[in-house]
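Observations on the three-dimensional arrangement
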Amino acid sequence: MVFADPGEALARAERVLDADASPLHASVAHQVIGIWQRDFGDLRLALTHLRRARDLAARSESADREADVLGTLGVALVHAGRTRQGLTAFQRGVARGSGHTRARVLYRRAYVWWVLGHHREALEDVRRAIPVLRQADDVIWTARALTLRATVHLALGSVERADADFSAAEALWGTTGQEHDKADAVESRGLAAFRSGDVPVALRLLDEAEERYAKLGTPTFMLNIRRCEVLMAAGLAPEALAEADAAIGVLDGIGGQSTRKAELLLAAARAARLAGDPHTAIARAALAVRLFAGQRRTWWETHARLVLIEARLAAGRGSGRLVADAAAVADRLAAFGAPAAPQASLLAGRIALGLGWTADAERHLAVAARSRHSGPPLARMTGWAAQALRARAAGSGRGVLEACRRGLDVLDDHRMTLGASELRARATEQGAELAAMAQRASLDSGGPRRLLVWSERWRATALSAPPTRPPADPALLSGLTAFREIAARAEAARMDGHPILALEREQRRLEREIRSRTLHIRGESPGDGHRFDPGRLLERLGDDIRLVELAVLDGRVQVLLCGEGRVRRFEAGLLADAEREAEHVQAGLRRLAHPGADARLPVVEAAGRRLEKLLLGPAAAQLGSGPVVVVPPGRLHRVPWALLPSLRERVLSVSPSASSWLRARETEPPPGGRPVLVRGPGLATGGAEVPELAGRYGDAVVLEENDARVPRVLEDLDGAALAHIAAHGTFRADSPLFSALRMADGPLIVHDFERLDRSPYRIILSCCDTARFASVGADELLGVVTALLPLGTAGVVACTAPVNDAAVVPLMLALHKGLSSDLSLAEALRDARAALPGDALHQATGWAFSAFGAA
């Protein structure tokens, strides 16, 4: 009962002891309490009860009773880090037990071998246990043994064998009332889905397992470890680090298992390294190594050493000693049959290359490269990265490009299994090194056109296909509605000066629930195999339009100027300097959004001139006189491009990639779509432009006051030709897909836009923060604008800086006047800026808005 209903089992065991039970029955009761404390409570109390159970079993003169307790005690001792004592207890238990009892002890010892990383020994013990358990018709223990064998198969990379055992175990669990074991089976299926490369299904199953454990009130430390692993693979390393550290805190608070603490420390170290925090990674990994060594868990210790070496390299500590350490770790992992062995060989080769030890590097990289043809996607990526490094060391530019292409193809296939745009964007981080190597090789061995192709290959790829439309999930729709209600109540309470802590807590809970459900969505589109064609781009640009794509190599901006049938390359400044200057410009525009800051105007204009030199360099003088499309890297998304002197008087648009601009250029407007005008609450001007625009567009749908509610707004936006939304914008850097536009019933968030069949052909967002993005992955952007572009929107006007609400009104009216004359968004915005008064307030307002796309 201890795994079917843990609380009831504990209560009954305590009642048995209160009734002055016989040694035999008291032994069982103490064993149950020991199991409960071992898995759900204090490990020190567990050992006290289990030793008492062992002594009482000896007094009862039942060899099988004593053997059974010794098996439970052995598990607890190993979890407490007393590995030698634990294995001795098992040796005695196997010797004392017979038949069915002995098989249960062998199963427990197999579990301990798995904990210690001795996988072959684990398989041998469970192989001996399963036939006896089946013969005894012991459904529960047979299911446990099958689940354990499947888990060991996963550790050895045998996914098909694991699937077969998990399926057999699940069929058995369905006939029992073992709720904890059933939750464990769901958790194990989540791990199997992850090992086979299906991240959305893995996240869904792990969340389901957590719900089951919560109903039982049991801790979930193993689940925490597994979810950390999946979150890291999904590009969510900071979240994995937070989860691991929180679980360590809970474990320490209850005096829990030392073995689990070591595993959580290893998960935290991996997450910290991936999150770009090598010093935290070193601290966590070093402590994990010490704990694993003390527990005599060599398999685990070796994995922790791998992370420690990776973190030390990331902290800039490459050395000959580190090459030797990485090589030794690779050898040990290979001997264990661990899937991480190629990763260690790649690490050894990478460090050796950095030291100029080409022969050593080739030896290690050749071993790592063997994994490129088989295994899960990330293992194949490791192999192709090793192959690319080998080719670079051999001076073969063609070999580098081929290996990078093959590796990124693997990651493309993996990304398209992900339905959520956030996961697709974050997954690109795993291809950043391959993309950078390919760009460097194309610059060294080819012309600007080849560099353009590789710059496009891994830029804004999350926008290359729309995210999978969220299913008509009642729980998701209910969560979105509840989120809006709570967010609206919190906003009202905040404005009235009332306490909002409870409302904010509930809002965060609902955000976690919504995000969790969207991450479960599996990708449906396999990708269309489209490859960027520079010839097609140049044909669409013609002789008049110039497209300026900014690539970054070794920290310096490379300007690729496309137009007149050719691609030219110019070298500009350092990216870090440009980022600092862009922040100064943002600060200046914030000041200029308030009346009386005219003296700041020359300072901001001077910063714009410096920014132009850093970003465009000599290319600024080669732009011609026609329209310009700027394609910046993700880290420069906050640049107000209209402020740069050479772009100030131009028809100017911005695009996340050249491919994205081409798609927008070729997108046809919907037939018969009407304009939609939306006015949200709480605007300083009351959205003053909307009534005047309603008079200009006689057939417009006008949504204001109670009509401006999210369900109605979404219904009318779907398939509209033009949408103008005057509403407060809120950007969430911590969770960009919860960036929002404020409607009458609460926030309209990015997740809502993703439910549209087709977003409006043109959208104008007239308030602050609507064109802010979070830069994630390799070169991806998450925000309101980037959510719209893959969904059918060909052009957006939005704001990259805070603006003065009153100054926005004349700009918007002038913009729509241009649109009424059949101008594009970029043309109308250029003319609208020119029509504004010449004071600092209106100038800054014009610069803050950008046209995105090509409509």
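Scroll up a little and you will see the structure.
The rules behind these values
- Residues numbered from 1 in each chain as written.
- Predicted model: local features only at pLDDT ≥ 70, side-chain atom pairs only at ≥ 80, totals over all residues.
- Heavy atoms only, no water.
- Helix = DSSP H or I, 4+ residues; strand = E, 2+ residues; numbered from the N terminus.
- Buried < 20%, exposed > 50% of the residue type's maximum accessible area, 1.4 Å probe, protein only.
- Contact = heavy atoms within 4.5 Å.
- Areas by Shrake-Rupley, 256 points an atom, 1.4 Å probe, with all protein chains shown as cover.
- Lys, Arg positive; Asp, Glu negative; His and termini not counted.
- Charge placed at Lys NZ, Arg CZ, Asp CG, Glu CD.
- Expected span 1.5 Å × (residues − 1).
- Polar contact = N/O pair within 3.5 Å; in protein donor to acceptor, adjacent residues only side chain to side chain.
- Axes fitted to C-alpha atoms, helices over the stretch in contact; angles between N-to-C directions.
- Parallel < 35°, antiparallel > 145°, perpendicular 65-115°, else oblique.
- Left-handed = near helix turned anticlockwise from the far one by under 90°.
- Nonpolar A, V, L, I, M, F, W, Y, C, P; charged D, E, K, R; others polar.
- Core = buried A, V, L, I, M, F, W, Y, C linked by side-chain atoms within 4.5 Å.
- Pairing = 2+ DSSP bridges.
- Arc of directions from axis to C-beta.
- Phe/Tyr/Trp six-rings, centres within 6.5 Å; stacked < 30°, edge-to-face > 60°.
- Lys NZ or Arg CZ within 6 Å of the ring centre and 35° of its normal.
- Salt bridge = Lys/Arg side-chain N within 4 Å of Asp/Glu carboxyl O.

Moving on, we get to the overall build of the chain. Along the backbone of the chain there are 37 helices and 16 strands. Each principal axis of the C-alpha distribution contributes one length, and for the chain these read about 100 × 65 × 50 Å. Of all 855 residues assigned to the chain, the portion counted as buried reaches 58%. Pairs at least 24 apart in sequence give 70% of the contacts found in the chain among residues at least 6 apart. Summed over all atoms, the accessible surface of the chain reaches about 32,900 Å², with 50% contributed by carbon and sulfur. Here the chain carries 109 positive and 102 negative side-chain charges, and the mean point of each set is 6 Å from the other.

Once that is clear, we can look at unusual backbone geometry. One non-glycine residue, Arg 296, lies in positive phi territory at about 60 degrees. Looking at the secondary structure, you find Arg 296 in the loop between helix 15 (278-294) and helix 16 (298-314). Notably, Glu 564 is not glycine yet its phi reads approximately 55 degrees, a positive angle. With respect to the helices and strands, Glu 564 occurs in the loop between strand 2 (556-563) and strand 3 (566-574).

Let's shift gears to helix 3 (residues 43-59). Over its 17 residues, helix 3 runs 24 Å from end to end, which matches the ideal 24 Å to within 8%, given 1.5 Å per residue. Within the span of helix 3, buried status applies to Leu 43, Ala 46, Leu 47, His 49, Leu 50, Ala 53, Leu 56 and Ala 57. Considering only its buried residues, helix 3 is in contact with helix 2 (23-40), helix 4 (63-79) and helix 14 (258-274). Between the side-chain oxygen at the start of helix 3 and the backbone nitrogen of Arg 44 there is a gap of 2.8 Å, and the oxygen is on Asp 42. Backbone geometry just downstream of helix 3 places Glu 61 in the positive-phi region, at approximately 60 degrees.

Now for the environment of Thr 667. Position of Thr 667 among the secondary structure elements: in the loop between helix 30 (658-665) and strand 6 (675-679). As for Thr 667 and Gly 795, which are separated by 128 residues in sequence, their C-alpha atoms are 9.8 Å apart. Residue contacts for Thr 667: discarding those within four places in its chain leaves Arg 758, Tyr 761, Gly 792 and Ala 794. In this structure the side chain of Thr 667 is engaged in a polar contact, spanning 2.6 Å, whose partner is the backbone oxygen of Arg 663.

Across the interface, helix 10 (residues 179-195) lies against helix 11 (residues 199-216) with an axial gap of 8 Å and an inter-helix angle of 165 degrees. If you check the angle between helix 10 and helix 11, you find them roughly antiparallel. Regarding helix 10 and helix 11, the two cross each other, and that crossing is left-handed. Between helix 10, through Glu 179, His 180, Lys 182, Ala 183, Asp 184, Val 186, Glu 187, Arg 189, Gly 190, Ala 193 and Phe 194, and helix 11, the contact on the second element is made entirely by Val 199, Val 201, Ala 202, Leu 205, Leu 206, Glu 208, Ala 209, Arg 212, Tyr 213 and Leu 216. Taken together, the residues of the contact of helix 10 with helix 11 break down into 12 nonpolar, two polar and seven charged.

Relative placement of two packed helices is described by the angle separating their axes and the distance separating the axes. One can describe the packing of helix 9 (residues 159-173) onto helix 10 by two numbers: an axis separation of 10 Å at closest approach and a directional angle of 160 degrees. Viewed along their axes, helix 9 and helix 10 adopt a mutual orientation that is roughly antiparallel. For the crossing formed where helix 9 meets helix 10, the hand is left-handed. Residues Val 159, Asp 163, Phe 166, Glu 170 and Trp 173 of helix 9 touch helix 10, and the partners they reach there are Asp 181, Lys 182, Ala 185, Ser 188, Arg 189, Ala 192 and Arg 195. Classifying every residue of the contact of helix 9 with helix 10 by side-chain character gives five nonpolar, one polar and six charged.

The next thing to look at is the nonpolar core. For soluble globular proteins, nonpolar side chains are generally found buried alongside one another. In this structure, Trp 114, Leu 148, Leu 333, Cys 404 and Leu 434 are the most contacted members of the largest nonpolar core, which totals 130 residues. At 11 residues, the largest contribution of residues to this core is made by helix 6 (residues 99-116). For Trp 114, the residues in contact, after removing those within four places along its chain, are His 119, Ala 122, Leu 148, Thr 151, Val 152, Met 222, Arg 226 and Trp 300. In this structure, Val 559, Val 676, Ile 764 and Val 784 belong to the second largest nonpolar core, which totals 101 residues.

The strand order across the open sheet built from three strands is 9-10-11, with neighbouring strands paired in antiparallel fashion. In the strand order of this sheet, the two ends are held by strand 9 (729-730) and strand 11 (746-749), each with one partner. Two strands pair when backbone bridges link them, and strand 10 (residues 740-743) and strand 11 are joined in this way by four bridges, in the antiparallel orientation. Directly across from Ala 740, in strand 11, lies its bridge partner Ile 749. Contacts from helix 25 (residues 474-496) reach strand 10 and strand 11, with the element oriented near 130 degrees to strand 11.

Another point: the side chain of Thr 151. Relative to the helices and strands, Thr 151 is located in helix 8 (residues 139-155). Given the relative accessible area of 7%, Thr 151 is considered buried. Within polar-contact distance, the side chain of Thr 151 engages the backbone oxygen of Thr 147 at 2.8 Å.

In this section: helix 5 (residues 83-96). With 14 residues, helix 5 extends 20 Å from end C-alpha to end C-alpha; this agrees with the ideal 20 Å at 1.5 Å per step. Along helix 5, the residues classified as buried are Thr 83, Gly 86, Ala 89, Phe 90, Gly 93 and Val 94. Angular distribution of buried residues about the axis of helix 5 spans 130 degrees; they occupy a single face of the element. Exposed and facing more than 90 degrees away from the buried side of helix 5 are Arg 84, Gln 91 and Ala 95. Looking at the buried positions of helix 5, the neighbouring elements they touch are helix 4 and helix 6.

Once that is clear, we can look at the packing of aromatic side chains. Following the criterion strictly, the structure yields four aromatic pairs and no others. Geometrically, the ring pair formed by Tyr 107 and Trp 141 is edge-to-face, given 5.6 Å between the ring centres and 85 degrees between the ring planes. Placement of the pair is Tyr 107 in helix 6 and Trp 141 in helix 8, with a sequence separation of 34 residues. Look at Tyr 107 and you get buried, because its relative accessible area is 13%. Note on Phe 292 and Trp 300: the rings are 5.7 Å apart at their centroids and 25 degrees apart in plane angle, and the pair reads as stacked. For Trp 300, a relative accessible area of 11% gives the class buried. In this arrangement the basic side chain of Arg 144 is found over the ring face of Trp 141, its NZ or CZ atom lying 5.0 Å from the centre. In this structure, Arg 372 packs its charged tip against the face of Trp 384, placed 5.3 Å from the ring centre.

Let us look at the pairing of strand 10. Where strand 9 lies against strand 10, two bridges are found, and the strand directions are antiparallel. Bridge pairing links Thr 730 to Ala 740 in strand 10. Counting the residues in the hairpin turn of strand 10 and strand 11 gives two residues.

Inspection of the entire model under this criterion finds 52 salt bridges. Where Arg 12 meets Glu 8, a salt bridge forms, and the shortest distance between an N and an O atom there is 3.0 Å. Taken together, the residues span about one helical turn, with Arg 12 and Glu 8 both in helix 1 (residues 6-18) at a distance of four residues. The salt bridge partner of Asp 325 is Arg 321, with a shortest N-O separation of 3.3 Å.

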